[in-house]
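Spelled out from the first residue to the last, the chains are:
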Amino acid sequence: MTSYVQDWQAVKEKIRTDAWAGQVYDTLVETTEWWIGHYADSPDRIAGWGHDFFCESCGTMIDFVREEPYGNLCSGCGHRSKGARFDQAWNYLYRDEAHKHVFYAGVLYRITGDARYPAFIRKVLSFYCDNYEHLKVDVKPGYVGKIAGTDLCDAVGMIWLLQGMELIKETFTAEELRHYRTKLFDPQAEMLDSHSKSIHNIPCWMKTAVGMTGMFFGDSGYVERALQGPYGLIRQLQEGVTDEGFWYEGSFHYHFYCVEPFTYFLLFAQIYGADCGGMEETVKNMYVFPAEIAFDNGFFPNPNDGWPNIALTHYAGQYEYANRLFPDPAFEYALSRSYGDYYRQTPAYGGMVENTPHGWIQRLLFGRGEYAGETMRRTTKNYPDSNLCSLRDGDTALFIKYGLNTPSHAHPDLMNIELFDGDCLWSHDISSNGYGSFLFLEWQRKTIAHNTLVVDAADQLSRSRGIVLDFDQERNRIRAKAEAVYPGVDYVRDIRLQEGRIEDIFQVISEDEHTTDWVFHCRGRLETDFETQPCVSPGSEFGYQHLMNVRMFTASDSWSVRWVMPGRTLTLRMEGCEGTDVYLFEGYENTTSQIRPGILVRRTGRGAEYQATFTFEKQ
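All of these numbers come straight from a predicted model, not from anything done at the bench.

1. What to know about the overall build of the chain
Turning to step 1, where the next piece is worked out: Helix and strand counts for the chain stand at 15 helices and 21 strands.
Turning to step 2, where the next piece is worked out: The C-alpha radius of gyration computed for the chain amounts to 25 Å, which stays within 12% of the reference 25 Å derived for 619 residues, consistent with globular compactness.
Turning to step 3, where the next piece is worked out: The dimensions of the chain, computed from C-alpha atoms along their principal axes, are 80 × 50 × 45 Å.
Turning to step 4, where the next piece is worked out: Scored against the burial criterion, the 619 residues of the chain give a buried share of 63%.
Turning to step 5, where the next piece is worked out: Sequence-distant contacts, at least 24 apart, represent 70% of the contacts inside the chain between residues at least 6 apart.
Turning to step 6, where the next piece is worked out: Taken as a whole, the chain presents about 22500 Å² of accessible surface, with 46% of it coming from carbon and sulfur.

2. Some words on the packing of aromatic side chains
Turning to step 1, where the next piece is worked out: Within the structure shown, the criterion is met by 51 aromatic pairs.
Turning to step 2, where the next piece is worked out: Taken together, a centroid distance of 4.1 Å and an interplanar angle of 10° make the contact between phenylalanine 256 and tyrosine 315 stacked. Of this pair, phenylalanine 256 sits in helix H10 (residues 252–272) while tyrosine 315 is found in the loop between helix H11 (280–293) and helix H12 (316–325), placing the two residues 59 residues apart along the sequence.
Turning to step 3, where the next piece is worked out: Note on tryptophan 518 and phenylalanine 614: the rings are 6.4 Å apart at their centroids and 25° apart in plane angle, and the pair reads as stacked. Placement of the pair is tryptophan 518 in strand E13 (residues 514–521) and phenylalanine 614 in strand E21 (residues 608–618), with a sequence separation of 96 residues. The residues tryptophan 518 and phenylalanine 614 share a single accessibility class, namely buried.
Turning to step 4, where the next piece is worked out: Each residue in the set Tyr4, Phe103, Tyr104, Trp160, Trp205, Tyr254, Tyr257, Tyr264, Tyr321, Trp360 and Phe366 is aromatic and connected to the rest through ring pairs, giving one cluster.
Turning to step 5, where the next piece is worked out: A cation sits over an aromatic face here: arginine 45 above tyrosine 94, 4.5 Å from the ring centre.
Turning to step 6, where the next piece is worked out: Above the face of the tyrosine 339 ring, arginine 363 is positioned so that its terminal group lies 4.1 Å from the ring centre.

3. Quick look at the sheet that holds strand E20 (residues 595–605)
Backbone-to-backbone hydrogen bonds join strands into a sheet, with any given pair of strands oriented parallel or antiparallel.
Turning to step 1, where the next piece is worked out: Spatially, 6 strands are ordered E8-E13-E20-E19-E16-E15 in an open sheet, and the strand pairing comes out antiparallel. A strand with exactly one partner marks an edge of an open sheet, and here the two such strands are strand E8 (453–455) and strand E15 (533–534).
Turning to step 2, where the next piece is worked out: Two elements, E15 and strand E16 (residues 548–555), share 2 bridges in a ladder whose sense is antiparallel. Along E16, the bridge assignment pairs proline 534 with arginine 551.

4. Quick notes on the nonpolar core
Turning to step 1, where the next piece is worked out: Ranked by internal contacts, the top residues of the largest apolar core, which has 151 residues, are Tyr4, Phe103, Phe185 and Met279.
Turning to step 2, where the next piece is worked out: Those residues in contact with methionine 279 that sit more than four places away from it in its chain are Leu227, Leu233, Ile234, Leu237, Phe262, Phe265 and Leu266.
Turning to step 3, where the next piece is worked out: The next biggest cluster of nonpolar side chains, apart from the first, holds 64 residues, and it includes Leu398, Ala457, Trp563 and Tyr610.

5. Digging into the packing of H11 against H12
Turning to step 1, where the next piece is worked out: Relative to each other, H11 and H12 sit at 130°, their axes nearing to 11 Å. Taken together, the axes of H11 and H12 lie oblique to each other. Taken as a pair, H11 and H12 cross one another with a handedness that is left-handed. Mapping the contact onto sequence places Tyr287, Pro290 and Ala291 in H11 and Gln318, Tyr319 and Ala322 in H12.

6. Brief notes about the environment of serine 81
Turning to step 1, where the next piece is worked out: Locating serine 81 in the fold gives a position in the loop between strand E1 (46–47) and helix H3 (84–112).
Turning to step 2, where the next piece is worked out: Serine 81 gets classed as buried once you look at its relative accessible area, which sits at 1%.
Turning to step 3, where the next piece is worked out: Taking the C-alpha atoms as reference points, serine 81 and proline 566, 485 residues apart in sequence, are found 37 Å from one another.
Turning to step 4, where the next piece is worked out: Each residue touching serine 81, except ones within four places of it in the same chain, is listed here: Cys55, Glu56, Ile62, Asn72 and Phe86.

7. Description of the pairing of strand E5 (residues 396–401)
Residues in a regular strand project their side chains so that they alternate between the two faces of the sheet.
Turning to step 1, where the next piece is worked out: Buried residues dominate E5, accounting for 6 of its 6 residues.
Turning to step 2, where the next piece is worked out: Sheet topology note: the strand E4 (residues 388–393)/E5 ladder contains 6 bridges and is antiparallel. Across the sheet, residue cysteine 389 finds its bridge partner in E5, namely isoleucine 400.
Turning to step 3, where the next piece is worked out: Hairpin connection from E4 to E5: 2 residues lie between these consecutive antiparallel strands, with glycine 394 at a positive phi of about 60°.

8. Topic: helix H9 (residues 233–240)
Turning to step 1, where the next piece is worked out: Every buried residue of H9 is accounted for by Leu233, Ile234, Gln236, Leu237 and Gly240. Along the axis of H9, the buried positions cluster into a sector of 165°, meaning they face one direction only.
Turning to step 2, where the next piece is worked out: Elements in contact with the buried residues of H9: helix H7 (201–217), helix H8 (220–227), H10 and H11.

9. Here we look at the sheet that holds strand E3 (residues 381–383)
Turning to step 1, where the next piece is worked out: The 5 strands are arranged E3-E4-E5-E6-E7 in an open sheet whose pairing can be described as antiparallel. Taken across any chain shown, the strands that pair with only one partner, and hence form the sheet edges, are E3 and strand E7 (424–427). On average, each strand axis in the sheet is tilted by 15° relative to the strand beside it, whichever way the strands run.
Turning to step 2, where the next piece is worked out: Examined bridge by bridge, E3 and E4 share 3 bridges and lie antiparallel to one another. What sits directly across from tyrosine 383, in E4, is leucine 388.

10. A short note on the pairing of strand E6 (residues 416–421)
Turning to step 1, where the next piece is worked out: Taking burial as the measure, the 6 residues of E6 include 6 buried ones, the bulk of the element.
Turning to step 2, where the next piece is worked out: Residues Asn416, Glu418 and Phe420 line one face of E6 and the alternating positions Ile417, Leu419 and Asp421 line the opposite face, and both faces are buried.
Turning to step 3, where the next piece is worked out: Inspection of the sheet shows E5 paired to E6 by 6 bridges, in the antiparallel sense. Bridge assignment links isoleucine 400 to a residue of E6, and that residue is isoleucine 417.
Turning to step 4, where the next piece is worked out: Of the pairings in the sheet, the one linking E6 to E7 comprises 3 bridges and is antiparallel in character. Residue pairing in the sheet places aspartate 421 in a bridge with cysteine 424 of E7.
Turning to step 5, where the next piece is worked out: Where E6 folds back on E7, the antiparallel hairpin that results is connected by 2 residues, among which glycine 422 adopts a positive phi of roughly 65°.

11. With respect to helix H1 (residues 8–17)
Turning to step 1, where the next piece is worked out: When we look at burial in H1, the residues that qualify are Trp8, Val11, Lys14 and Ile15. The arc that holds every buried residue of H1, seen down its axis, measures 110°, which confines them to one face. Relative to its buried face, H1 has exposed residues pointing more than 90 degrees away, namely Gln9 and Arg16.
Turning to step 2, where the next piece is worked out: Lining the buried residues of H1 we find helix H2 (19–38), H3, helix H5 (151–167) and helix H14 (361–366).
Turning to step 3, where the next piece is worked out: Regarding H1, its N-cap is aspartate 7, as a side-chain oxygen of that residue lies 3.1 Å from the backbone nitrogen of glutamine 9 further along.

12. Some details on the side chain of histidine 101
Turning to step 1, where the next piece is worked out: Mapped onto the fold, histidine 101 is located in helix H3.
Turning to step 2, where the next piece is worked out: Aside from chain neighbours lying at most four places away, what touches histidine 101 is Thr31, Thr32, Trp35 and Phe120.

Procedures and definitions
Residues numbered from 1 in each chain as written. Predicted model: local features only at pLDDT ≥ 70, side-chain atom pairs only at ≥ 80, totals over all residues. Heavy atoms only, no water. Helix = DSSP H or I, 4+ residues; strand = E, 2+ residues; numbered from the N terminus. Rg over C-alpha atoms; globule rule 2.2 N^0.38 Å. Buried < 20%, exposed > 50% of the residue type's maximum accessible area, 1.4 Å probe, protein only. Contact = heavy atoms within 4.5 Å. Areas by Shrake-Rupley, 256 points an atom, 1.4 Å probe, with all protein chains shown as cover. Phe/Tyr/Trp six-rings, centres within 6.5 Å; stacked < 30°, edge-to-face > 60°. Lys NZ or Arg CZ within 6 Å of the ring centre and 35° of its normal. Pairing = 2+ DSSP bridges. Core = buried A, V, L, I, M, F, W, Y, C linked by side-chain atoms within 4.5 Å. Axes fitted to C-alpha atoms, helices over the stretch in contact; angles between N-to-C directions. Parallel < 35°, antiparallel > 145°, perpendicular 65-115°, else oblique. Left-handed = near helix turned anticlockwise from the far one by under 90°. Arc of directions from axis to C-beta. Polar contact = N/O pair within 3.5 Å; in protein donor to acceptor, adjacent residues only side chain to side chain.

Put into structure tokens, the structure is as follows:
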């Protein structure tokens, strides 16, 4: 058996000698002390759905203010959202924060020996044990939990509680442990196990909570139920992870969200000497894959559902755990792009997304000051089982999603591309934010919000795997096909990349006549050398209703437009075709206050071919 942290004296020495560690420790103490002094939950609070905690006016995630129950003030537009669903989401977030601070309190006890930290942990556990039968939640049927809103959030909470308890385990009496198990952990484990009925990221958390409960309380039956069976952790990895190590739902956020509980499970397995059925190698590969595919500035391509603008820095804590479990150069690379100048804030909640420019608790426990991050060379690579490809040459990179493995969390955007050059992510997938937000429903999950092609101004219908017709790693080229994107309509996209230049041929194959819209969104100021006329949006639904400041021109000859940012320009040139209407517009990103310009190229006929060239220039 081993321990959660191998050398606590080394942690204390980091705090004493390293400025970054001292800052992390001071922040950790400050936030945990607030909870020790103010924690006061009530069985009258009804826990709701966290995805409801988004401004009803602008779509910004509402700041959780622990000192102001039900204030629900939007920092983006100043609107105060009122009503039960917002208040219940606040209740969930309160308990979620309390659960995390049980873990933080356990860490601080190991560092300081202060008995107030175990007392806080006991206070939280006692609240749930004393009130378990009376707790209420209000969430969608099929996701009902008991303490934190959804069953998923219950599972996440149990995992935080168990980790905090592990750190102070020697302070519990046998009677206390029996009480906590009987009143809280047994009923939670039984509920979570019974709700695990699919290959999906949610059962991964629930099964992990069951297995960690078994390890902590010495019940091998729970561990067996977590690992085995049609929806056990071993089968989740066998069926849910692609050959390349990507979670099959096709989202980088959900990839990390899925691998996170496995990481805690493996750490507990090391502590308790449990056999994990050989899952270690798959979990390790799940951390290598994202490091391979991230853009050079640390941001990820962001297909399908997730959170906007995610980067390596947002998952630094997980990479610290991974580097502790099975060290790898890929993890060193990821961590070298997680702190300092690479740090970015994120609006995401749930999972291990907390970080600061100096790191967070995981770096304090397992990490260090410097990481050797320059040894990992990322190259052009196709990932056919994941339906993704990354083309790279020098400072230029392109990401394409050409198929899907499941409709779960999928966006209707086959053949969507993202463009990177230098240190700039010019054109990115905005992904999504809270599922209760109107922007998610009306814009972010619509085909028009992506860099792909729309037929007859309606969302794509296909949820199928893509087909790679040709892939040439040396020439940085891929030619991929998506079949039946709409009834009777196939796509073929042929892309070749060289540093500073991308050649893109997008074919629509159909025997029937359709209106096709080639769409591209990009950062910067959109400029043209020709006259445009104001006009209405070229569509009235499927997200078209949100196109703003629309202007157009008609072109038969070749034409070009450009997006300009300080010191750099991206130029799009498209070959001419009779009957082409070009629309310039502005569209939302993840809130109504974040706008970027785009272009829509419309043609009508039996099939179409769009020949475009992107060139990047620096002044």
